[in-house]
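# Working through the structure, step by step
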Amino acid sequence: MDSEITIIGAGVIGLAIAEKLSEEHNNVFLVEKHLSFGQETSSRNSEVIHAGIYYTKDSLKAKLCLEGKRLLYDYCKKYIIPYNNCGKLIVATAEEEIDVIEGIRQTAKYNGVDDLVVLERDQIAEMEPNIFAERALFSPSTGIVDTHSLMKQYETNTINNGGQIVYGSEVTGIKRIKEGYEITLLDADQKYYTYTTGIVINSAGLTADKISEMVGIEDDNLKILFCKGEYFRINPPKNRLVGRLIYPVPHPNMEGIGIHVTIDMGGGVKLGPDVKYLESNVYDYKLTASKQEEFFRSAKKFLPFLEFDDIAPEMAGIRPKIQKPGEPQRDFYIEEESKRGYPGFINLIGMESPGLTASISIAKYVNNMVYFSI
Ligand SMILES: Cc1cc2nc3c(=O)[nH]c(=O)nc-3n(C[C@H](O)[C@H](O)[C@H](O)COP(=O)(O)OP(=O)(O)OC[C@H]3O[C@@H](n4cnc5c(N)ncnc54)[C@H](O)[C@@H]3O)c2cc1C
């Protein structure tokens, strides 16, 4: 085999996997179609280190988020990656939301997040004097991270471990061969190149379903639907009126977690993301200025100081959803595909939030799968 392991996709998850696997394996290839890392979903998100509050009991999302959060804070400290363990408030702004908050606390507790604190109005006012909430849940372990620096560190460590990262090369074909796979790449000079690999790890984000189909896995349950999320920024000086992440209570089936306030390491404050399934899988990052009213109204419920002109369109990201509109929450799909006749082919599909938070624990999980498939 030309390479022992091939990882497809240099987003935050593919990079974390490359770092982990290159610690123990000699011949690790990370292949990315863009000319550098993190050009898709990994640089178009909220950059929140999630606590692991909302996910379905015993799901991979719940487990990997909880473990990943701890590992990520430790990693940030070790490598001096900018982060801020600022905490988050989930706010109930109407009477009927107060019970929902108690439900969230129970789910979180079951998932091992036992540090949530219920706050009454006066306690909320002490923490965040400029917001409105009848009651709130405070999550002290939530935070934010500079994702670019994190990905850069994963890249550096991969290279230092002896891993090879090939940018500007798109995987266009995968064929099962004896004891491995043959991969066809289209390189930056529009030339095709074929090589062999023992193990394939599909971490191709928005097109992970297409990579899986290339090898021969056709499964309607693994079809990715592009689900766009847009953000508005809060213009200065009002961005200084909040110091933490502020979330409304979430939508019941978790298609999204409601238009919330996120802060970033540069002092910026964003509202969003909203949730809109796209009609087809196109990379549509266009911003919709006409959504200003909707964003303003949603946020005004808990940010009473906000005026219509204080916000402006900022950016958009696309979630790789396998959950169809209206369906219950789906878990991450992370499987070694021996049962379908593809040993050593590891699929990661539907890697939406909390994929950033869980990147290191996902890498550990995949490393374990590789160990058992060699
Ligand atoms: C709006 C939004 C907000 C979010 N907020 C958060 C948050 O606050 N906290 C959190 O934990 N998570 C969050 N997430 C989720 C998080 O961003 C993702 O889970 C994570 O970025 C996924 O990383 P990835 O490496 O799987 O995918 P990507 O970043 O999409 O990387 C996949 C890579 O594969 C490459 N690729 C695809 N096809 C091929 C091919 N054929 N050949 C070669 N390369 C290929 C792509 O170019 C891309 O670089 C959010 C997501 C969205 C959309």
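Structural notes, computed from the coordinates.

## Comments concerning the side chain of T147
With respect to the secondary-structure elements, T147 resides in helix α5 (residues 147-160). Setting aside anything within four residues of it in sequence, one finds T147 in contact with S42, N45, E47 and L356.

## Quick look at the sheet that holds strand β3 (residues 48-49)
Pairing is antiparallel across the open sheet formed by three strands, whose spatial order is β3-β8-β4. Each edge of the open sheet carries a strand with a single partner, namely β3 and β4 (83-84). Relative to strand β8 (residues 143-145), β3 is paired through two bridges, and the arrangement is antiparallel. When the bridges of β8 are listed, I49 appears paired with G143.

## With respect to the packing of helix α1 (residues 12-24) against helix α8 (residues 359-373)
Orientation of α1 relative to α8, taken along the N-to-C sense of each, is 50°, at an axis distance of 8 Å. The angle between α1 and α8 falls in the class oblique. Our pair here, α1 against α8, has a crossing hand that is right-handed. Contacts from V12, I13, A16, I17, K20, L21 and E24 of α1 reach α8 at S359, I360, I362, A363, K364, V366, N367 and V370.

## Looking at the layout of surface pockets
One number sums up the size of the second largest pocket: a volume of about 260 Å³. Forming the walls of the second largest pocket are 15 residues, and the residues nearest its centre are E19, K20, E23, Y75 and I360. Those elements that provide at least two residues to the lining of the second largest pocket are α1, α2 (60-79), α5 and α8. With five residues, the top contributor of residues to the lining of the second largest pocket is α2. When its residues are assigned to classes, the lining of the second largest pocket shows seven nonpolar, two polar and six charged.

## Section: the site of the ligand
The ligand sits among 39 residues. The nearest are E32, S42, T207, M351 and T357. Between the ligand and E32 there is a distance of 2.6 Å, counted from an oxygen atom to a side-chain nitrogen or oxygen. The contact in question runs from an oxygen atom of the ligand to an N or O atom on the backbone of L356, over 3.2 Å. Protein burial of the ligand: of its 1,000 Å² of free accessible surface, 98% is covered by the chains. Taken together, the elements giving at least two residues each to the shell around the ligand come down to α1, β10 (170-177) and β18 (311-321). Top contributing element to the shell around the ligand by residue count: α1, with three residues. Looking at the shell around the ligand residue by residue, the classes come out as 15 nonpolar, 16 polar and eight charged.

## Section: helix α3 (residues 97-110)
Here α3 is 14 residues long and its end C-alpha atoms lie 20 Å apart, about the 20 Å a rise of 1.5 Å per residue gives. Every buried residue of α3 is accounted for by E97, I98, I101, I104 and A108. In an axial view of α3, the angular spread of the buried residues amounts to 105°, which keeps them on one side of the axis. What points out from α3, more than 90 degrees from its buried face, is the exposed set D99 and K109. Where α3 is buried, its residues touch β5 (88-92) and β7 (135-139). Positive phi shows up at G112, right after α3, with a value of about 95°.

## A look at the pairing of strand β12 (residues 192-202)
With eight of 11 residues buried, β12 is to be regarded as a mostly interior element. In the sheet, strand β11 (residues 180-186) pairs with β12 via six bridges, with the strands oriented antiparallel. Looking at the pairing, I183 lines up with Y195 of β12. What sits between the antiparallel neighbours β11 and β12 is a turn of five residues, in which Q190 has the positive phi angle 60°.

Rules used throughout
Residues numbered from 1 in each chain as written. Predicted model: local features only at pLDDT ≥ 70, side-chain atom pairs only at ≥ 80, totals over all residues. Heavy atoms only, no water. Helix = DSSP H or I, 4+ residues; strand = E, 2+ residues; numbered from the N terminus. Contact = heavy atoms within 4.5 Å. Pairing = 2+ DSSP bridges. Axes fitted to C-alpha atoms, helices over the stretch in contact; angles between N-to-C directions. Parallel < 35°, antiparallel > 145°, perpendicular 65-115°, else oblique. Left-handed = near helix turned anticlockwise from the far one by under 90°. 1 Å grid on protein atoms, 1.4 Å probe; cavity = no way out; pocket = protein on both sides within 12 Å on 5 of 7 lines; lining within 4 Å. Points joined across faces, edges and corners; volume = space filled by probe spheres on them. Nonpolar A, V, L, I, M, F, W, Y, C, P; charged D, E, K, R; others polar. Near = heavy atom within 4 Å. Polar contact = N/O pair within 3.5 Å; in protein donor to acceptor, adjacent residues only side chain to side chain. Areas by Shrake-Rupley, 256 points an atom, 1.4 Å probe, with all protein chains shown as cover. Expected span 1.5 Å × (residues − 1). Buried < 20%, exposed > 50% of the residue type's maximum accessible area, 1.4 Å probe, protein only. Arc of directions from axis to C-beta.

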